[in-house]
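# Structural features, examined
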Amino acid sequence: MEQYIIKGGQPLVGEVSISGYKNAALGIIAAAVMTDETVKIENVPDIGDIDILLQALVDIGAKVDRINRNTIKINASKISTVDVDFDYVRKIRASYYLLGALLGKYKSSKVALPGGCNIGSRPIDQHIKGFEALGAKVKIEHGMICAETENLAGAHIYFDCSSVGATINVMLAACLAEGQTILENSSKEPHVVDVANFLNSMGANIKGAGTDVIRIKGVPKLHGSEYSIIPDQIEAGTFMFAAAATKGNILIKNVIPKHLEAFTAKLLEIGAQVEEFDDAVRVKADKRLGNTHVKTLVYPGFLTDMQPQMTTLLAISKGTSIVTESIFENRFKYVDELTRMGASIKVEGNTAIIEGVEKLTGASVTAPDLRGGVALVMAGLMAEGYTIVENIEFIERGYERFEHKMQQLGALIAKVDSTDMKAIKKFKLKVS
Ligand code: EPZ
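First things first, this report covers the structure right here in the doc. What you see is a predicted model; the values in this text were computed from it and never measured.

### Focus: the nonpolar core
In this structure, L199 and I252 are the most contacted members of the largest nonpolar core, which totals 153 residues. Element by element, the count of residues in this core is highest for helix α8 (residues 233-245), at nine residues. In this structure, this core is formed jointly by two domains, domain 1 (2-12 + 289-431) and domain 2 (22-228), each of which donates at least three residues. Discounting residues that sit within four places of it in the chain, L199 has contacts with A31, M34, M171, L172, C175, A204, I206 and L222. I5, A414, F427 and V431 belong to the second-largest nonpolar core, a separate cluster that totals seven residues.

This is the structure in structure tokens:
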């Protein structure tokens with residue numbers, strides 16, 4: 001089993017380039033099956049989740065060509081089935097975007113019901129509400145969601161809660177429905193906008209993405225397109241916080257600063273320095289940072305996917321901080337691991353009360369999920385001594401060439417096999 005070994009205490013210095021947005025790419029790749037023409041997508045992050053979704057497309061008969069590490073071509077003219085196997089959905093929830101895409105194009109789709117995951121129960125009632133409003137019959141049997149209809153007709157849909165997944169999934173199906181669909185209480189996240197822009201580049205007629213009312217005029221068919229995915233705001237935020245956590249100085253390139261505003265505001269509030277450029281931000285810190293209170297919200301609020309990184313940064317700040325997780329019900333699992341590194345954090349329900357400590361000390365920790373895992377790497381970079389992070393496949397599902405990008409910034413981190421004592425010894429010799 002592979003793991004990261006980290007020697008902490010090294011400030012991160014230098015430049016790093018951000019990859020394409022995982023959560024936009026997943027929706028865009030699913031949308032690519034909605035045309036029989038070829039689609040070329042650039043700035044696709046080279047990560048595990050994307051590989052799994054591309055394999056699911058191949059499995060239902062689409063042709064997928066990887067032009068290079070970050071560019072793919074998809075042609076879905078020969079799709080032979082609308083059934084997406086449980087194996088894919090079990091591995092990544094976002095395979096469920098194929099439900100909306102295949103329902104839109106073939107008026108029928110069958111996708112395994114995604115389970116919960118480590119951060120919460122993850123219901124999909126709002127997705128189903130949207131599909132039924134468009135005229136689909138949706139039933140759940142043998143663990144599969146089956147949706148079908150004679151034809152899809154536009155509808156006025158009011159989501160009961162702001163859901164990125166439901167907004168994207170229903171938007172996919174509505175693109176090829178007859179007439180106008182209005183989605184109210186839609187998610188405004190940048191990746192929702194990116195999927196809408198991609199669909200419009202294929203000939204869809206979507207207006208209002210990025211606001212909480214999206215209007216879609218159904219079109220008879222979609223055509224091929226060439227598209228480049230926006231930068232990953234969570235990867236960018238993660239490197240911003242890692243710079244501050246290690247008292248470093250990093251230029252983070254290929255970003256959209258507007259998407260990072262909530263993270264920038266919090267970093268400035270606790271005493272870090274942030275300088276914005278057209279498509280880059282520089283983050284530096286040269287002293288112990290202060291405390292703050294954060295509540296995770298839907299965009300443009302402080303995003304839940306940055307909550308573990310925020311809590312970890314505050315673990316060594318001066319004073320008491322409070323982080324409230326308002327989106328998912330179980331997203332503090334990484335805190336037990338931080339406690340093993342000397343953090344003083346008390347979790348009560350969906351709130352973490354953080355007493356800042358002078359320092360963390362290295363330990364062996366286990367990543368509970370993607371963002372909790374990357375927060376533990378951050379903790380290892382901040383800590384005195386050596387840290388081993390296990391279950392790193394979570395991290396590699398969402399961060400392209402993660403340890404390479406960190407090494408380029410001077411981080412003392414290596415990926416080793418947990419049984420390879422020689423490699424661990426070699427690393428310790430090299431960094432001591
Ligand atoms: C997306 O998940 C992201 N995943 C998550 O990122 C992210 O944390 C989340 O949005 C919130 O921003 C992808 O884009 C692949 P939601 P999603 O539907 O779409 C409730 C990461 O680390 N809800 O916006 O599943 C739900 O329980 C991942 O990259 C319903 O009640 O999130 C939650 O409390 C983790 N019914 C809230 O809405 C529904 O039908 C937000 O969920 C759907 C959601």
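### Considerations on the packing of aromatic side chains
Summed over the entire model, instances satisfying the criterion amount to 10 aromatic pairs. Centre to centre, the rings of F239 and F402 are 6.3 Å apart; their planes meet at 50°, and the pair counts as tilted. In this pair, F239 is assigned in helix α8 and F402 in helix α14 (residues 402-408), connecting sequence segments 163 residues apart. Each of the two residues, F239 as well as F402, counts as buried. Consider the rings of F263 and F302, whose centres lie 5.5 Å apart with planes at 75°: the pair is edge-to-face. Of this pair, F263 sits in helix α9 (residues 261-269) while F302 sits in the loop between β18 (293-295) and α10 (307-314), placing them 39 residues apart in sequence. Residues F263 and F302 agree in their burial class; the two are buried.

### Examining the site of the ligand
For the ligand, the set of nearby residues contains 25 residues, the closest of which are Q126, S163, V164, D305 and I327. Between the ligand and K22 there is a distance of 2.9 Å, counted from an oxygen atom to a side-chain nitrogen or oxygen. At 2.6 Å, a backbone N or O of I327 approaches an oxygen atom of the ligand. In isolation the ligand has 820 Å² of accessible area, and contact with the protein removes 87% of it. If you map the ligand onto the pockets, it falls in the largest pocket. Breaking the shell around the ligand down by element, the ones donating at least two residues are α1 (22-31), α5 (125-133), α6 (164-175) and α12 (370-382). Taken together, the residues that form the shell around the ligand break down as 11 nonpolar, seven polar and seven charged. Here the shell around the ligand gathers at least three residues from each of two domains, domain 1 (2-12 + 289-431) and domain 2 (22-228).

### A closer look at the sheet that holds strand β4 (residues 63-68)
The strand order across the open sheet formed by four strands is β4-β5-β3-β14, and the pairing between neighbours is mixed. The outermost strands of the open sheet, each flanked by one partner alone, are β4 and β14 (225-228). The mean angle between the axes of side-by-side strands here comes to 15°, regardless of whether they run parallel or antiparallel. In the sheet, β4 pairs with strand β5 (residues 71-75) via five bridges, with the strands oriented antiparallel. From the neighbouring strand, D65 faces β5, where its bridge partner is K73. Packed onto the sheet, helix α2 (residues 48-59) meets β4 and β5 and runs at close to 145° relative to β4.

### So, helix α15 (residues 421-431)
By the burial criterion, the buried members of α15 are I424, F427 and V431. The buried residues of α15 occupy one face: seen down the axis, they fall within an arc of 60°. Opposite the packed face of α15, turned more than 90 degrees from it, sit the exposed residues M421, K422, K425, K426, L429 and K430. On its buried side, α15 packs onto β1 (2-7), β23 (386-390) and β24 (412-417).

### Remarks on the side chain of T149
Along the polypeptide, T149 turns up in the loop between β9 (144-148) and β10 (156-158). Reaching out from T149, the side chain makes a polar contact with the backbone oxygen of G135 at a distance of 3.0 Å. Sequence-distant contacts of T149, defined by excluding residues within four places in its chain, comprise L103, K107, G135 and A136.

### Overview of the environment of L429
Within the secondary structure, L429 is located in helix α15. Separated by 136 residues in sequence, L429 and H293 place their C-alpha atoms 41 Å apart.

### Notes on the sheet that holds β9
The four strands are arranged β6-β7-β9-β8 in an open sheet whose pairing can be described as mixed. The open sheet has two free edges, formed respectively by β6 (83-84) and β8 (137-141), since each of these has just one partner strand. In terms of strand pairing, β8 meets β9 through five bridges, oriented antiparallel. Paired with K137 across the strands is E148, a residue of β9.

### Regarding the layout of surface pockets
Here the largest pocket defines a volume of roughly 1,300 Å³. Along the walls of the largest pocket sit 49 residues, with R93, Y96, I119, R122 and F328 positioned nearest its centre. Among the elements that line the lining of the largest pocket, the one with the most residues is helix α3 (residues 86-91), at four residues. In the lining of the largest pocket, the residues fall into 22 nonpolar, 13 polar and 14 charged.

### Here we look at the pairing of β23
The side chains of a regular strand alternate, residue by residue, between the two faces of the sheet. With four bridges joining them, β1 and β23 adopt antiparallel strand pairing. Paired with I6 across the strands is T387, a residue of β23. In this structure, strand β22 (residues 364-366) lies alongside β23, joined through three bridges in parallel fashion. Note that in β23 the partner of T366 across the bridge is E390.

The rules we used
- Residues numbered from 1 in each chain as written.
- Predicted model: local features only at pLDDT ≥ 70, side-chain atom pairs only at ≥ 80, totals over all residues.
- Heavy atoms only, no water.
- Core = buried A, V, L, I, M, F, W, Y, C linked by side-chain atoms within 4.5 Å.
- Buried < 20%, exposed > 50% of the residue type's maximum accessible area, 1.4 Å probe, protein only.
- Helix = DSSP H or I, 4+ residues; strand = E, 2+ residues; numbered from the N terminus.
- Domains from an automatic or database assignment.
- Contact = heavy atoms within 4.5 Å.
- Phe/Tyr/Trp six-rings, centres within 6.5 Å; stacked < 30°, edge-to-face > 60°.
- Near = heavy atom within 4 Å.
- Polar contact = N/O pair within 3.5 Å; in protein donor to acceptor, adjacent residues only side chain to side chain.
- Areas by Shrake-Rupley, 256 points an atom, 1.4 Å probe, with all protein chains shown as cover.
- 1 Å grid on protein atoms, 1.4 Å probe; cavity = no way out; pocket = protein on both sides within 12 Å on 5 of 7 lines; lining within 4 Å.
- Sits in = over half its atoms within 2 Å of the grid points.
- Nonpolar A, V, L, I, M, F, W, Y, C, P; charged D, E, K, R; others polar.
- Pairing = 2+ DSSP bridges.
- Axes fitted to C-alpha atoms, helices over the stretch in contact; angles between N-to-C directions.
- Arc of directions from axis to C-beta.
- Points joined across faces, edges and corners; volume = space filled by probe spheres on them.

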